[in-house]
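So you can see what is in the structure, the chains are spelled out below.
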Number of protein chains: 2
Amino acid sequence: MLGAELQMVRDMYGYLSEFCAREGKRIRPLLLLATCMGYGGGKNRDDIVRIASVLELLHSFLLIQDDIIDRSDLRRGGKTIHMICQDRYGSGSHNANIGNDIALILSDVLVANVHEVVGASKIPPRTKDRFMSIIGQALEITFWGQILDIINSNAKKIVQPREVAAQIAMMKTAHYTVYYPMLMGYILAGRDSAVEIEHIKEFSLPLGLAFQIRDDILGVFGSEKETGKPSDSDILEGKMTFLIKGTIENLDGKERRRFMALFTKKRKDRRDVKAIRKIISASGSLETVKEMHSGLVEQSRARLADLSINNMCRGVLAGLVGIMARL
Amino acid sequence: MLGAELQMVRDMYGYLSEFCAREGKRIRPLLLLATCMGYGGGKNRDDIVRIASVLELLHSFLLIQDDIIDRSDLRRGGKTIHMICQDRYGSGSHNANIGNDIALILSDVLVANVHEVVGASKIPPRTKDRFMSIIGQALEITFWGQILDIINSNAKKIVQPREVAAQIAMMKTAHYTVYYPMLMGYILAGRDSAVEIEHIKEFSLPLGLAFQIRDDILGVFGSEKETGKPSDSDILEGKMTFLIKGTIENLDGKERRRFMALFTKKRKDRRDVKAIRKIISASGSLETVKEMHSGLVEQSRARLADLSINNMCRGVLAGLVGIMARL
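In this text, all values refer to a predicted model and were calculated from it rather than measured experimentally. (Residues numbered from 1 in each chain as written. Chains lettered and ligands numbered in written order. Predicted model: local features only at pLDDT ≥ 70, side-chain atom pairs only at ≥ 80, totals over all residues. Heavy atoms only, no water.)

## A word on the overall build of chain A
Formally: What counts as a helix is a DSSP run of H or I of at least four residues, what counts as a strand is a run of E of at least two, and both are numbered from the N terminus. To get the radius of gyration, use the C-alpha atoms; to get the globule rule, take the number of residues to the power 0.38 and multiply by 2.2 Å. Think of it in three bands: with a 1.4 Å probe and only protein chains considered, a residue is buried below 20% of the maximum accessible area for its type, exposed above 50%, and partly exposed in between. When checking whether two residues touch, look at their non-hydrogen atoms; a contact exists if any pair is within 4.5 Å.
Across its full length, chain A holds 15 helices and two strands. Computed over its C-alpha atoms, the radius of gyration of chain A comes to 21 Å, within 12% of the 20 Å expected for a compact globule of 327 residues. Projected onto its principal axes, the C-alpha positions of chain A cover 60 × 60 × 30 Å. Out of the 327 residues belonging to chain A, those deemed buried represent 59%. Excluding contacts between residues fewer than 6 apart, the proportion of contacts in chain A whose partners are at least 24 apart in sequence is 71%.

As C-alpha cells, this is what we get:
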C-alpha cells in the first residue's frame, strides 16, 4: 500500500475494503477456483485464492463505476462508494460532483491493485501470460456490453430489442460472469485444449444467459431485500432487458406503441413504473422469459457431462445450475 | 479486438485511436525507451516499443477520466472523448450524461488493452512480473495524487497549501511522469540494483517537480495554443498549484484573506480570473516558483552524472533537462 502515511489513503482503503467485503455471491472467484481444481490445478492453495481475488477486485471496480453511471445510492445493502465519498467530502467542496469524482479514481485503485497481485503471483510464466490476456479479453467484452447497455438504456426510441438484449446479456453476463472465470480456472490449471475450451463455452454461455434472465426478472419483480438495490431501477433506467424485449414482442399494434411510448418516457414516476410492471405481466412476457430461462438451464445441465472434470467440480457446477434453475 | 463485428465497436476504436494518436509530448514512453536502451536493454526493438506504448495507453486512460472529472471540452487541440460521445449519442438518449458514461467505459477499454499487450509481450518472466508490479505502484501513487488534487480543488477553505501542492506534484507528476517511466525502462533492461534505482530517483523526482511547476505556470500564464487547453481552467477549477501556494505564502493579512476568498469563490467569472492572475503576478509568486523551478532543474542536472548510462541516453536526458529549464 503506497501513500499509507496519508490519513486520506487509509480512509480510502477503509471504504474500499468494506465495499469489497460486503456480502455478495462471489460467483466469479468460486467458478475460477472450482474449475481450476476440477481440472487438477490449484495445488498451491494460497496462490490460486489470491489470483481468484483478482476477479472480485475487478468486479468491485465495475460495480463502483456502474453505480456512478446509474446514480445508484445502494449496493449490496450499503451505500455506494460515490455516496460514501460525497458524504465525507461534499461539505468541504464547491464541487457538487466530488463523490463521483473520487469514487471514479478509487475504482481505478483496484485496477492498480490487480497489477500488483498478478505481478507478485507465483503461477508459471506461460500460464500467467495467458491469464493476463484472458483478463484483458474478459474486460474488453464486458466493456463493450456495458457501452451497448448505456446506449440502449433511457433511449428515446427502441431499436432492434431482440438483438440488443441478447448481445448485452451475452457480453456483460454470459462471458464475464460464467465463461471467462471458468476459462481462467482451466488455464490456471495449466491446461489448454481447444476442444475442452469449446465444451466449457457450451456449458457456460447458456448458464450465463439464464443468470441474466434471472437477474432481469428480479430487477423488476424482486424485492430490494433480495437484490440489495431498488426494484424499480431497471424500469426507471429504461434498461433493454429480456423482460422488456419479451413484452414488446408479445404485444401488437396500439398496445405495443403505448408500451414503448411509456417505457421510453423521459421521466417515469411511480405510476408509470406500476403501469409498466402491469403490462409486462399481462403481456405474458414473464412466462416467455421463464420458459427461455428453463430451456437455457437445461441446455447447460445437459453439457455438464461433456466436461472432463473431477467429481468435486461437477458437484459445484451442478449445484450452481440448480441454484440458477430456481426463480 | 473483440466485438469487431459490431459497428459500434469499430466506431469506438476509431475515437480511441484518433485520441491516443493526437500530438502529445510522449515524454513517458520516451523516458522508458531511452532509459531501457541507456542501461543496455531494448535489443528487441519491436517488443520494447510495444511495451512503451502501454504508458501511452495508460496516459490516455487517465486523460479521458481527467476530462470527465474536469468537464473539459478540449484536449490536445481536439474534442475530449466524452464530448465526442455526447455529440454522437446525445440526441438519441434521455440520459443527458451519456457522453460521460460512455467515455468512462471507453477509458477502461484501454486498461483491457494494456493487459492484452503485457500478456502477449515477450519480455522475460521475472522482468515482466517486476514491470507489472511497478505499473501497479505507478498507477496507485498517481491515483492518490489525483484524489488529493480533487479534494483540494474547488475547496471552500484552503488548508495546508504548502504540503498539499507539493504532495500532489510529487505523486501526480514527479513519480508518474518521470521516475516510474525511467524505473520501468531500467527494469526492462534486466537490471535491478537498489543503488542505481536510488540514483534514478534523485535525478528524476526534482525534474518531475520542475515539470509540474512549468505546467502550473503555463496553466495560468500560457496560451491555449501552447497547452491545448483553456488557460483559465486551473484558476476556474481552483487547483492548488505551486503558483497559488506561492501567492498565499507571499501575501499577508488582509490581502491574503482577500485572495483566498476570491480563489475559493463558488463561481468565478472572467473578472475574477483576471483579478486572480493580477494578484498572482503582483505577489511575486511567479518569481518565487521560477526560482524554485530553476533550483530543481539544476539539482536534477547535477545528478545526471551519477547515472551509469550510455551516451545516447545521457544526451536524451540532458536534452530533456534543457527543455524543462526553459519557461
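## Section: the interface of chain A and chain B
Many analyses report the size of an interface as the accessible area lost when the parts associate. As a reminder, the rule being used: Buried area: the accessible surface (1.4 Å probe) lost by two parts on joining, summed over both. The rule for a salt bridge is simple: a side-chain nitrogen of Lys or Arg has to be within 4 Å of a carboxyl oxygen of Asp or Glu. In the analysis that follows, any N or O atom pair within 3.5 Å is treated as a polar contact, provided that within protein one partner can donate a hydrogen and the other can accept it, and provided that, for residues neighboring in sequence, both atoms belong to side chains.
On the chain B side, the residues contacting the 65 residues of chain A number 65 residues. Summing both sides of the interface, chain A and chain B together bury roughly 5700 Å²; the carbon and sulfur share of this comes to 71%. For Lys128(A), the salt bridge is made with Asp129(B), and the minimal N-O distance between the two is 2.7 Å. The tally of links between chain A and chain B comes to 14 residue pairs in polar contact (both at pLDDT 80 or more).

## Notes on the environment of Lys239(A)
Residue and element names in this part refer to chain A. Inspection of the secondary structure assignment puts Lys 239 in the loop between helix 10 (233–236) and helix 11 (242–250). C-alpha separation for the pair Lys 239 and Lys 172, spaced 67 residues apart in sequence, amounts to 13 Å. Of the polar contacts made by the side chain of Lys 239, one reaches the side chain of Asp 149; its length is 3.2 Å.

## Let's talk about the confidence of the model for chain A
The cut-off we apply is this: One number per residue, pLDDT, summarises how confident the predictor is, and it ranges from 0 to 100.
In the predicted model, chain A carries a mean pLDDT of 93, and the fraction of residues at 70 or more is 98%. Averaged over each element, pLDDT in chain A is lowest for helix 9 (residues 224–227) of chain A (71) and highest for helix 4 (residues 81–89) of chain A (98).

## A closer look at unusual backbone geometry
A positive phi angle, close to 50°, is found at Arg71(A), a residue other than glycine. Looking at the element boundaries, Arg71(A) is found in the loop between helix 3 (45–70) and strand 1 (74–75). Residue Arg71(A) is classed as partly exposed on the basis of its relative accessible area, which comes to 41%. Not every positive phi belongs to a glycine, and Asn154(B) is a case in point at roughly 55°. As for its placement among the helices and strands, Asn154(B) is situated in the loop between helix 6 (125–152) and helix 7 (161–188).

## So, the relation of the copies chain A and chain B
Mapping one chain copy onto the other needs a rotation about an axis and a shift along that axis. Formally: The superposition of copies rests on a least-squares fit of C-alpha positions from residues with pLDDT of 70 or more in both.
Between the two copies, chain A and chain B, the superposition gives an RMSD of 0.0 Å; the rotation angle is 180° and the shift along the axis is 0.0 Å. Taken together, the rotation and translation relating the two chain copies correspond to the operation of a two-fold axis. It is Pro125(A) whose C-alpha, among those of chain A, lies nearest the rotation axis, at 2.8 Å.

## Regarding the packing of helix 5 (residues 98–120) of chain A against helix 5 (residues 98–120) of chain B
Heads up, the rule is: The axes are straight lines fitted to the C-alpha atoms, using for helices just the contacting stretch, and the angles between their N-to-C directions are given from 0 to 180°. Should an angle fall under 35 degrees it is called roughly parallel, over 145 degrees roughly antiparallel, and 65 to 115 degrees roughly perpendicular, with every other angle called oblique. Charged residues are taken to be Asp, Glu, Lys and Arg, nonpolar residues to be Ala, Val, Leu, Ile, Met, Phe, Trp, Tyr, Cys and Pro, and polar residues to be all remaining types, Gly included.
Between helix 5 of chain A and helix 5 of chain B, the least distance of the axes is 12 Å, while the angle of their chain directions is 5°. Relative to helix 5 of chain B, helix 5 of chain A is oriented roughly parallel. Taken together, the residues of helix 5 of chain B that come into contact with helix 5 of chain A (itself represented by Leu104(A), Val111(A), Val114(A) and His115(A)) are Leu104(B), Val111(B), Val114(B) and His115(B). Grouping the constituent residues of the contact of helix 5 of chain A with helix 5 of chain B by class yields six nonpolar, two polar and no charged.

## Quick word on helix 12 (residues 253–263) of chain A
Residue and element names in this part refer to chain A. Using the following cut-off: To be clear, the arc concerns the directions from the helix axis to the C-beta atoms.
For helix 12, the complete set of buried residues consists of Phe 259, Leu 262 and Phe 263. The arc that holds every buried residue of helix 12, seen down its axis, measures 95°, which confines them to one face. Those residues of helix 12 that are exposed and aimed more than 90 degrees away from the buried face are Lys 254 and Arg 257. Buried residues in helix 12 make contact with helix 10, helix 11 and helix 13 (270–283).

## Observations concerning helix 6 of chain B
Residue and element names in this part refer to chain B. Definition in use: To estimate the expected span of a helix, count its residues, drop one, and scale the result by 1.5 Å.
Compared with the 40 Å implied by 1.5 Å per residue over 28 residues, the 41 Å span of helix 6 between its first and last C-alpha is a close match. The element helix 6 is extensively covered by neighbouring structure, given that 23 of its 28 residues are classed as buried. Looking one or two residues beyond helix 6, the residue adopting positive phi is Asn 154, at roughly 55°.

## Examining the side chain of Asp47(B)
For clarity, the threshold we go by: When charges are counted, Lys and Arg are positive and Asp and Glu negative, with His and the chain ends excluded.
Tracing the chain through its elements places Asp47(B) in helix 3 (residues 45–69). Buried and without a salt bridge, Asp47(B) has Arg50(B) as its closest oppositely charged side chain, separated by 4.1 Å.

## Considerations on the packing of aromatic side chains
Inclusion rule: Only rings of Phe, Tyr and Trp enter the pairing, Trp through its six-membered ring, and a pair is recorded when the two centres are within 6.5 Å. The plane angle decides the type: under 30 degrees is stacked, over 60 is edge-to-face, the rest tilted. The rule for a charge over a ring is simple: NZ of Lys or CZ of Arg within 6 Å of the ring centre, and within 35 degrees of the ring normal.
Applying the stated criterion to the full structure yields 10 aromatic pairs over all chains. Aromatic pair Phe61(B) and Phe143(B): ring centres 6.4 Å apart, planes at 75°, arrangement edge-to-face. Of this pair, Phe61(B) sits in helix 3 while Phe143(B) is found in helix 6, placing the two residues 82 residues apart along the sequence. Each member of the pair, Phe61(B) as well as Phe143(B), is classed as buried. Here the aromatic rings of Tyr179(B) and Tyr180(B) are separated by 5.1 Å at their centres, their planes lie at 50°, and the arrangement is tilted. The ring of Phe263(A) is capped by Lys268(A), whose NZ or CZ atom sits 5.2 Å from the centre of that ring.

## With respect to the side chain of Ser285(A)
Residues and elements named next belong to chain A. As for its placement among the helices and strands, Ser 285 is situated in helix 14 (residues 285–303). At 2.7 Å, the side chain of Ser 285 forms a polar contact with the backbone oxygen of Leu 243. Residues in contact with Ser 285, not counting those within four places in the same chain, are Phe 242, Leu 243, Gly 246, Thr 247, Asn 250 and Ile 280.

## Some details on the environment of Glu237(B)
Residue and element names in this part refer to chain B. With respect to the helices and strands, Glu 237 occurs in the loop between helix 10 (233–236) and helix 11 (242–250). Counting along the chain gives 101 residues from Glu 237 to Gly 136, while the straight-line C-alpha distance between them is 28 Å. Residues in contact with Glu 237, not counting those within four places in the same chain, are Asp 70, Ser 153 and Asn 154.

## Comments concerning the pattern of salt bridges
Residue and element names in this part refer to chain B. In the structure shown here, the tally under the stated rule is 38 salt bridges over all chains. Residue Glu 18 is joined to Arg 22 by a salt bridge in which the shortest nitrogen-to-oxygen separation is 2.9 Å. By relative accessible area, which is 39% here, Glu 18 ends up partly exposed. With a relative accessible area of 8%, Arg 22 lands in the buried category. Where Arg 301 meets Glu 298, a salt bridge forms, and the shortest distance between an N and an O atom there is 3.2 Å.

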